[in-house]
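Analysis of the macromolecular model
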Amino acid sequence: MNAQVHALKPLDGASLFDPVPFKVYTQRDLDRIAPLARLSPEQRFEMKVVSSVLPFRVNQYVIDELIDWRQVPDDPIFQLTFPQRGMLAPEHYDRIAALLRAEAPKDELERAIDEVRHALNPHPADQMQMNMPVDDEGHRLDGMQHKYRETVLFFPSQGQTCHAYCTFCFRWAQFVGDKDLRIASSEASALHAYLRQHTEVTDLLVTGGDPMVMKTRHLRDYLEPLLQPEFDHIQTIRIGSKALTFWPHRFLGADDADDLMRLLAQLVESGKHVALMAHYNHWKELDTDAAQAAIRRVRATGVVIRAQGPLIAHINDDPAVWAKLWKMEVKLGIVPYYMFVERDTGARNYFEVPLVRAWEIYQQAIQQVSGLARTARGPSMSASPGKVEIQGVTEIAGEKVFVLRFIQGRNPDWVQRPFFAKYDDKATWLDQLVPAFGEEKWFWQDEYQSIRAQKLAT
Ligand SMILES: *Cc1c(COP(=O)(O)O)cnc(C)c1O
Ligand code: SF4
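For the structure given in this document, a descriptive report is provided here. This structure is a prediction, so every number in the text was calculated from the model and none was measured. (Residues numbered from 1 in each chain as written. Chains lettered and ligands numbered in written order. Predicted model: local features only at pLDDT ≥ 70, side-chain atom pairs only at ≥ 80, totals over all residues.)

1. Description of the overall build of the protein
Quick reminder of the rule: Here a helix means four or more residues in a row that DSSP labels H or I, a strand means two or more in a row labelled E, and each is numbered from the N terminus. The globule rule is 2.2 Å times the number of residues to the power 0.38, and the radius of gyration it is compared with is taken over C-alpha atoms. Three exposure classes are used, all based on how many other C-beta atoms lie within 10 Å of a residue's own C-beta (placed from the backbone): buried at 20 or more, exposed at 12 or fewer, and partly exposed between those limits. Note that contacts rest on C-beta atoms placed from the backbone: two residues are in contact if these are within 7 Å.
Regarding its fold elements, the protein presents 17 helices and 13 strands. For the protein, the C-alpha radius of gyration of 22 Å lies close to 23 Å, the compact-globule estimate for 458 residues. Each principal axis of the C-alpha atoms in the protein carries an extent, and together these give about 65 × 55 × 50 Å. Residue burial in the protein is summarised as follows: out of 458 residues, 40% are buried. Intrachain contacts of the protein at a sequence separation of at least 6 include 74% that bridge at least 24 residues.

This is how it looks when you write it as structure tokens:
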């Protein structure tokens, strides 16, 4: 098996890439990021203010290879990784800016930061209360979510960071050091015990953060035991990652990358479907030699790369960007999977796009690509009742409506039943929609309320 993986090396291009050291920058290092010198002192101060509230982390590869500094501040990857003033509401911005200017005492500043963070809906879709499973004794299993029957999400503690942070990150609360807001588990044994008991589960989704920040040996501790016959019901192992964008050298060059390729190939050869759920927002992320070499190398193990990512104002709210992204993905052997709606958390006011605009962008983009790229579903809202897709806008019996469907639901029986919301050109999330045709409630509403009451009681 090892020999086979090594035989792939000259073909996959990885040998062209020597190990590259990982050099990272956080809020404290803003002044050391050379190309920022071209911005005004006011712009740099704005970054300092915003990054005291929301997480900021970038690395040399993103700075040197992904951002076109001539296009800053409009460059999409700059918007994806660097804090922007508009990300905070004016009253929040002014409050933190004033404290920083006055060099306020540390505890006063921290208290203000904490209050602003808690005003930003740190845990959307009731994740803490509603998705965490409990064991036989009723203890909540931290670091796991089991929302849809067939899929368990696992958040390994060593993987709860990323090689850089997205400005719109929906898991931002985990990255700002607030322990109360964190979901993580270091317990491989808890994961394995849970999966052993739950034979209805077919898919394990290892996520974060980014599990690819972990050393391969940690990843191996979680995944290799799943090759035992008692885990035959786990057919698919998915790994959610943005490392193909933020740090493709994770898959190239270093020794640990070779170990990773061996682990992935071993899982595939043992009969599991292994999918790297790659987070992409813009075709520029696919447009470097390192990114493409990493993709080739991962694919050579037999792992399928599927692409998903949110539609975000200032970054990719343009059908041409999505059409080009999906075309490049297909060309590189990546399967387009989901277009998400920006979630209702963090800097949503800066990044959100009205649902009707999201649907127009999806439709106009999908019309430009061949059937192989039309595997992208969306735009989809990951809301508390389930994943709700906007299928379109139409008129029924004289009323303009959104046509919606569940792609995933807390009750699998809700999936694929069309339902209708009153048209609203400003709505950006499910909770802003109301049922069409004067109906009082959604077809799923009573059942959802009772599931919710039950979960919150445990
Ligand atoms: C999206 C998601 C899944 C996986 O859903 P698929 O439609 O199978 O990709 C599982 N659990 C949660 C909580 C999710 O949001
Ligand atoms: S890759 Fe995902 S988890 Fe990491 S910062 Fe971006 S959105 Fe957040």
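2. So, unusual backbone geometry
The linkage connecting Val 72 with the following residue, Pro 73, adopts the cis geometry, with an omega of 10°. Of note, Pro 73 is situated in the loop between helix H3 (60–66) and helix H4 (76–81). Residue Pro 379 is reached from Gly 378 by a cis peptide bond, and omega for that bond is -15°. Following the sequence through the fold, Pro 379 ends up in strand S10 (residues 377–382). Unusually for a residue other than glycine, Phe 437 sits at a positive phi of about 60°.

3. Here we look at the packing of helix H2 (residues 41–53) against helix H5 (residues 90–101)
Note the threshold: Comment: axis = line fitted to C-alpha atoms, over the contacting stretch for helices; angle = value between 0 and 180 degrees taken between N-to-C directions. The cut-offs work like this: below 35 degrees is roughly parallel, past 145 is roughly antiparallel, 65 to 115 is roughly perpendicular, and the gaps in between are oblique. Gly is put with the polar residues, along with every residue not named as nonpolar or charged; the nonpolar set is Ala, Val, Leu, Ile, Met, Phe, Trp, Tyr, Cys and Pro, and the charged set is Asp, Glu, Lys and Arg.
Interhelical geometry of H2 versus H5 gives an angle of 110° and a closest axis separation of 10 Å. Relative to H5, H2 is oriented roughly perpendicular. Residue-level inspection shows Lys 48, Val 49, Ser 52 and Val 53 of H2 in contact with H5, the latter providing Tyr 93, Ile 96, Ala 97 and Leu 100. Residue composition of the contact of H2 with H5, grouped by class: six nonpolar, one polar and one charged.

4. Overview of the site of ligand 1
Our working rule: Working rule for contacts: place C-beta from the backbone, and if it is within 6 Å of a molecule or strand, that residue counts as near it.
Surrounding ligand 1, one finds Gln 145, Lys 147, Tyr 148, Thr 151, Leu 153, Leu 205, Ser 382, Lys 387, Ile 407 and Gln 408. Counting residues per element, the ones that place at least two in the shell around ligand 1 are strand S3 (144–148), strand S4 (151–154) and strand S12 (399–409). The biggest single contributor to the shell around ligand 1 is S3, with three residues. In terms of residue class, the shell around ligand 1 is made up of four nonpolar, four polar and two charged.

5. Some details on the packing of helix H14 (residues 319–331) against helix H16 (residues 355–366)
Note the threshold: Each helix crossing is assigned a hand: it is left-handed if the near helix lies turned anticlockwise from the far helix by less than a right angle, otherwise right-handed if that turn is clockwise.
Orientation of H14 relative to H16, taken along the N-to-C sense of each, is 45°, at an axis distance of 8 Å. Regarding the angle of H14 to H16, the classification is oblique. Handedness of the crossing formed by H14 with H16: right-handed. Along the contact surface, H14 presents Pro 319, Trp 322, Ala 323 and Trp 326, while H16 presents Ile 361, Gln 364 and Ala 365.

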